[in-house]
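These are the residues of each chain, in order.
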Amino acid sequence: MEIWPYMAGIGIIAGLGHLTLFVLILFRRDKMMGERLALLYLGLGLLWGTAVILIAPVFPPAVAELAGRLAPVLVTALVVTQLVLTCSFLEVSWLSTAAAAGGTWTVILLLATLYFLGATPPPIPLQQVAQGGWAVIAAILIGLLATTLVRSRLALHRNRALYWLLTTVPLIAGQAFSLLPGGLLRGTGTLFHLAGGIILVRGVTSYWLPNIKAKLRSLLRLFLLFVITAILLLGVVLGAERFSDQLPLSHTSLVVVLAVIAALIYLPLYQWLQRLVNRLLAGMGFDPAQILREYSQTIGAILNLDQLARTVLHTVAEVLGVQQGALLVAIDTGTEKLRLQPISGLGRVSQVPVELDPASPILARILEDDDPLFQYEVEQHPGLQKAAPWERDWLRDLEMEVYLPIRSQGDLIGLLALGPQGTGEPYDPRATEFLSTLAQQTGVALQNARLFESLLDRNARITELNKSLRAAYERLERLDQGKSDFLTIASHELRTPLTQMRGYLEVLIDMAQTETLPQEQTLSLAESIARPTRRLEHIIGAMIDASEIDAEGLTLHFAPATLESTMRTALKPWLSALKERSITLTVWGLEDIAPIHADTERLCQAFSNLVSNGIKFTPDGGRITIGAHPLDDEHFKVTIADTGVGISSIDQELIFEKFYRVGSVNLHSSGQSKFKGAGPGLGLPIVRGVVEGHGGCIWVESEGCDEAQCPGSTFHIVLPYEAHRDPCRWKRPGNG
Ligand code: ADP
């Protein structure tokens, strides 16, 4: 029997089929990479189908010979394109390597075929070489699919690989048949190929693929039902034949009895089978309504975000066997961006938040669509593929399979992110419906928990603010007290010398009127008047200096000087007081400081104030130590330490404020070198004004104020060698 007419017929059907698929893809707009490769594949398939037809003996022998020689090359080109297409479909990284190697091999084969076209048979067994090459490439293809199937963690990705396996098997079988010598098999090969081509076109034109396992199972269910029905019918027919002689029943009655028995068995068997298959298909042996009822009762009382995340995820874990999940809480950033903060509740989940851009297609999909978003869509949906890489990377790193929007009054407040199901199956409609309802119920609880957490947060912030407000208030109160004290002190400071002056002047006038004024007494009285005058001058000078510092800073005149001479001048007026109070003065390191550029008079005033304070707050017999050492190329440091009463930590900052003085104003004494004698509280503000006016800084260290123990105080002054008006450039270690 001639087989070529059948082959030609098959070839024409397959060719038309391939042509239809080719045209279908050709006219699609915005073709993606997969579609372009599929177009190439189908084009090659068309050429190959034509070659198969041309092999038929109706055509001139030369044409049939050429077609026969080119067919293996075309099959090679097909399998190579298929490998590249598979790499692209499964997003395999070595796509370009596969394309380069496969392309080269095809070109070599084509050139060799064309070169030996005249030679019959060709000197090299090209047919066998092509078959060998094809087998190797086909094996790589199958191996690639198998490893992808095994490695895919997410069910929808595995489904994709499974789908592609369904495409690959008929395509490879079709190509294999065409390489076989038998004519009819060759023809059948093109039909197989067409079947594979149809599945392939469906796969590359739509990212959402049918659930292959579920489809296979429903086929299995149909098949099983068919088998059971057939067996029962066969049982009736065969039983009627077998037992018609042995039973006292007519043939017809026996058939009726057997049919009734078969029908009785059939119904429960069918139902049992249905249940079995349904369980296999749905994989959910639970009552969603019952679980959701219990769940809503449990979460009603939860106000803690972590606890809520744990409860919802453990419910899902129990029902669907999910082992990885998180609650992604939407946080308002005050901008249009939406921050998602994962709160882990199941498995190990990255805690890194992400900010989704308002223009992000992923955000748009979540905001506008109530349907669950699958990780598979994020990776395969053409629209979502345009999302920023970091957004897609962030979602991929979470290793979740599905995201369910959680809303409250229509606003998105979070996402329930879940990993793969325990069964490894994709989430089917029943599972997603259950999860969507669960997410809906979680909305109110999540909103409550968020409000409660923000309330707690605000409460903590208010407590914190209250604390700093209290501290600020206490500080202001102390400063204010300082100012009120100042009035008392100032009136005392000003009135005492004035009273003294007036007293002496009255005596002077009286004596002058009675003309009983010897020269010696005149001098002594004049000296007694001069002393309070100097004191008055000093206080008024300090007040003017303080107001100058406040207004625009001290006017300073920098000139070359040395630290040693400046300090010596500052110390001179205090030497007698030191002696009188038996206070030991130690000075070191001043001569090691290089010449400076400064306002000597003001610097001298600052040192003098500090030494005066040291004397005033150190008991008799104490010690004052003045030292200096270089700090860096630009700065040096002077320390003035005493063994006095010390300064409490709370006062260490305040004493540099104007009019602030420690202790009760009633204990005030105006003596300049008396123990605990204090002035109007302007000494240290002036010192700070002078030091900062030179581009330096000053601070005090003391273990506290204790008149019995006398922990002492140390004033640190950092100054630049070259004074300048900028803020201090030296940074105090550990103090910003
Ligand atoms: P006054 O001009 O009244 O002396 P200051 O501004 O110089 O004021 O000092 C303010 C306060 O700082 C003083 O009243 C004193 O309580 C405290 N004080 C300053 N120097 C020392 C020191 N060396 N030891 C202890 N307390 C000090």
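Residues numbered from 1 in each chain as written. Predicted model: local features only at pLDDT ≥ 70, side-chain atom pairs only at ≥ 80, totals over all residues. Heavy atoms only, no water.

What about the overall build of the protein chain?
Part 1: A tally of regular secondary structure across the protein chain gives 21 helices and 13 strands.
Part 2: Its C-alpha atoms give the protein chain a radius of gyration of 50 Å, clearly above 27 Å, the size a compact globule of 736 residues would have.
Part 3: Along the three orthogonal principal directions, the C-alpha set of the protein chain runs to about 170 × 80 × 40 Å.
Part 4: Taking all 736 residues of the protein chain together, 44% fall into the buried category.
Part 5: For the protein chain, the share of sequence-separated contacts (at least 6 apart) that also reach a separation of at least 24 residues comes to 71%.
Part 6: A total accessible area of about 38400 Å² is found for the protein chain, and carbon and sulfur atoms account for 61% of it. (Helix = DSSP H or I, 4+ residues; strand = E, 2+ residues; numbered from the N terminus. Rg over C-alpha atoms; globule rule 2.2 N^0.38 Å. Buried < 20%, exposed > 50% of the residue type's maximum accessible area, 1.4 Å probe, protein only. Contact = heavy atoms within 4.5 Å. Areas by Shrake-Rupley, 256 points an atom, 1.4 Å probe, with all protein chains shown as cover.)

A few points about the nonpolar core
Part 1: If you look at the biggest cluster of nonpolar residues, it comprises 85 residues, and the most contacted ones within it are Leu327, Leu416, Leu418, Tyr427, Leu435 and Leu438.
Part 2: Among the elements that line this core, the one with the most residues is helix α3 (residues 61-89), at 13 residues.
Part 3: Two domains share this core, each providing at least three of its residues, namely domain 1 (4-210) and domain 3 (297-446).
Part 4: Residues contacting Leu438, with those up to four places away along its chain left out, are Leu292, Tyr295, Val312, Thr315, Val316 and Leu416.
Part 5: Of all hydrophobic cores here, the second largest spans 49 residues; its members include Ala570, Trp574, Ile593 and Leu682. (Core = buried A, V, L, I, M, F, W, Y, C linked by side-chain atoms within 4.5 Å. Domains from an automatic or database assignment.)

What about the site of the ligand?
Part 1: Residues in close proximity to the ligand total 21 residues, the closest being Asn613, Asp642, Gly679, Gly681 and Leu684.
Part 2: One of the side-chain nitrogen or oxygen atoms of Asp642 is found 2.8 Å away from a nitrogen atom of the ligand.
Part 3: Contacts to the ligand include Leu684, whose backbone N or O atom sits 2.8 Å from an oxygen atom.
Part 4: A per-class count over the shell around the ligand returns twelve nonpolar, six polar and three charged. (Near = heavy atom within 4 Å. Polar contact = N/O pair within 3.5 Å; in protein donor to acceptor, adjacent residues only side chain to side chain. Nonpolar A, V, L, I, M, F, W, Y, C, P; charged D, E, K, R; others polar.)

Looking at the packing of α3 against helix α4 (residues 95-115)
Axes are the key here: two packed helices are described by the angle between their axes and the distance separating the axes.
Part 1: At a minimum axis separation of 9 Å, α3 and α4 run at an interaxial angle of 175 degrees. Of the possible angle classes, the one that applies to α3 and α4 is roughly antiparallel. Facing α3, whose interface residues are Arg69, Leu70, Val73, Thr76, Ala77, Val80, Leu83, Val84, Cys87 and Ser88, α4 presents Leu95, Ala98, Ala99, Gly102, Gly103, Trp105, Thr106, Leu109, Leu110 and Thr113.
Part 2: Its residues assigned to classes, the contact of α3 with α4 shows 13 nonpolar, six polar and one charged. (Axes fitted to C-alpha atoms, helices over the stretch in contact; angles between N-to-C directions. Parallel < 35°, antiparallel > 145°, perpendicular 65-115°, else oblique.)

Observations concerning the sheet that holds strand β5 (residues 402-408)
Part 1: The strand order across the open sheet formed by six strands is β3-β2-β1-β6-β5-β4, and the pairing between neighbours is antiparallel. The open sheet has two edge strands with one neighbour each: β3 (354-356) and β4 (373-374).
Part 2: Where strand β1 (residues 325-332) and strand β2 (residues 338-346) come together, eight bridges link them in antiparallel fashion. Looking at β2, one finds that Leu327 is bridged to Ile343.
Part 3: Along the sheet, helix α14 (residues 389-398) contacts β1, β2, β3 and β5; its crossing angle with β3, the most-contacted strand, is approximately 135 degrees. (Pairing = 2+ DSSP bridges.)

Here we look at the pattern of salt bridges
Part 1: Under the counting rule described, the total for this entry stands at 16 salt bridges.
Part 2: In this structure, the salt-bridge partner of Arg568 is Glu564, at a minimum N-O distance of 3.9 Å. One end of the pair, Arg568, and the other, Glu564, are both in helix α17 (residues 563-571), four residues apart, so they sit about a helical turn from each other.
Part 3: For Arg568, a relative accessible area of 54% gives the class exposed.
Part 4: According to the relative accessible area criterion, Glu564 is partly exposed, its value standing at 32%.
Part 5: One salt bridge in this structure joins Asp620 and Arg581, with 2.4 Å as the shortest N-O distance. Of this pair, Asp620 sits in the loop between α19 (600-616) and β10 (623-630) while Arg581 is found in the loop between α18 (575-580) and β8 (584-588), placing the two residues 39 residues apart along the sequence. (Salt bridge = Lys/Arg side-chain N within 4 Å of Asp/Glu carboxyl O.)

Remarks on the sheet that holds strand β13 (residues 713-720)
Part 1: In spatial order, the strands read β8-β10-β11-β13-β12; together these five strands make up an open sheet with mixed pairing. Since the sheet does not close on itself, it has two edges, and those belong to β8 and β12 (697-702), each with one partner. Put simply, the sheet's adjacent strands are angled 15 degrees from each other on average, direction ignored.

What to know about unusual backbone geometry
Part 1: Positive phi values are uncommon outside glycine, yet Gln409 reaches one of about 50 degrees.
Part 2: Note on placement: Gln409 falls in the loop between β5 and β6 (411-418).
Part 3: Overall, Gln409 belongs to the exposed group, its relative accessible area being 79%.
Part 4: Look at Cys710: it is not a glycine, yet its phi comes out positive at around 50 degrees.
Part 5: Accessibility expressed as a relative area gives 17% for Cys710, which makes it buried.

A closer look at the environment of Leu682
Part 1: One can find Leu682 in the loop between α20 (651-654) and α21 (683-693).
Part 2: Expressed as a C-alpha distance, the spacing of Leu682 and Pro248, which sit 434 residues apart in the sequence, is 134 Å.
Part 3: Dropping the residues within four chain positions of it, Leu682 is found in contact with Ala542, Met543, Ala546, Lys658 and Phe659.

Notes on the packing of aromatic side chains
Part 1: Throughout the structure, instances matching the rule amount to eight aromatic pairs.
Part 2: Considering the side-chain rings of Trp699 and Trp730, the 6.1 Å spacing of their centres and the 10 degrees angle between planes classify their relative orientation as stacked. Within this pair, whereas Trp699 is found in strand β12, its partner Trp730 is found in the segment after β13, the two being separated by 31 residues in sequence. The residues Trp699 and Trp730 share a single accessibility class, namely buried.
Part 3: Through a chain of ring-to-ring contacts, three or more aromatic side chains come together here, namely Trp208, Phe374 and Tyr376.
Part 4: A cation over an aromatic ring shows up here: Arg160 above the ring of Phe89, its NZ or CZ 3.7 Å from the ring centre. (Phe/Tyr/Trp six-rings, centres within 6.5 Å; stacked < 30°, edge-to-face > 60°. Lys NZ or Arg CZ within 6 Å of the ring centre and 35° of its normal.)

Structural notes on the pairing of β13
Part 1: In terms of burial, β13 is a largely internal element, seven of the eight residues being buried.
Part 2: Where strand β11 (residues 635-642) and β13 come together, eight bridges link them in antiparallel fashion. Residue pairing for β13: Lys637 is matched across the bridge by Val718.
Part 3: Two elements, β12 and β13, share six bridges in a ladder whose sense is antiparallel. Bridge pairing in β13 places Val700 opposite Phe715.

Concerning the packing of helix α2 (residues 33-54) against α3
Part 1: Following both chains from N to C, one finds α2 and α3 inclined at 160 degrees, their axes separated by 8 Å at the closest point. Taken together, the axes of α2 and α3 lie roughly antiparallel to each other. For the crossing formed where α2 meets α3, the hand is left-handed.
Part 2: For the contact of α2 with α3, the residue count by class is 20 nonpolar, five polar and no charged. (Left-handed = near helix turned anticlockwise from the far one by under 90°.)

Thoughts on helix α11 (residues 305-320)
Part 1: In this model, α11 (16 residues) spans 22 Å end to end at C-alpha, consistent with the 22 Å of a helix rising 1.5 Å per residue.
Part 2: Among the residues of α11, Leu305, Leu308, Ala309, Thr311, Val312, Leu313, Thr315, Val316, Ala317, Val319 and Leu320 are the ones counted as buried.
Part 3: Where α11 terminates, the next one or two residues include Gly321, which has phi positive at roughly 70 degrees. (Expected span 1.5 Å × (residues − 1).)

A short note on the domain arrangement of the protein chain
Part 1: Partitioning the protein chain into structural domains gives domain 1 (4-210), domain 2 (214-282), domain 3 (297-446) and domain 4 (532-720).
Part 2: Domain 1 and domain 4 are separated by 96 Å when their C-alpha centres are compared.

A word on α14
Part 1: Residues of α14 that are buried include every one of Glu391, Trp394, Leu395 and Leu398, and no others. For α14, the angular spread of buried residues about the axis comes to 95 degrees, placing them on one side. Pointing more than 90 degrees away from the buried face of α14 are the exposed residues Pro389 and Trp390.
Part 2: Buried-residue contacts for α14 involve β1, β2, β3, α12 (361-368), α13 (375-380) and β5.
Part 3: Positioned one or two residues after α14, Glu399 has a phi angle of 60 degrees, which is positive. (Arc of directions from axis to C-beta.)

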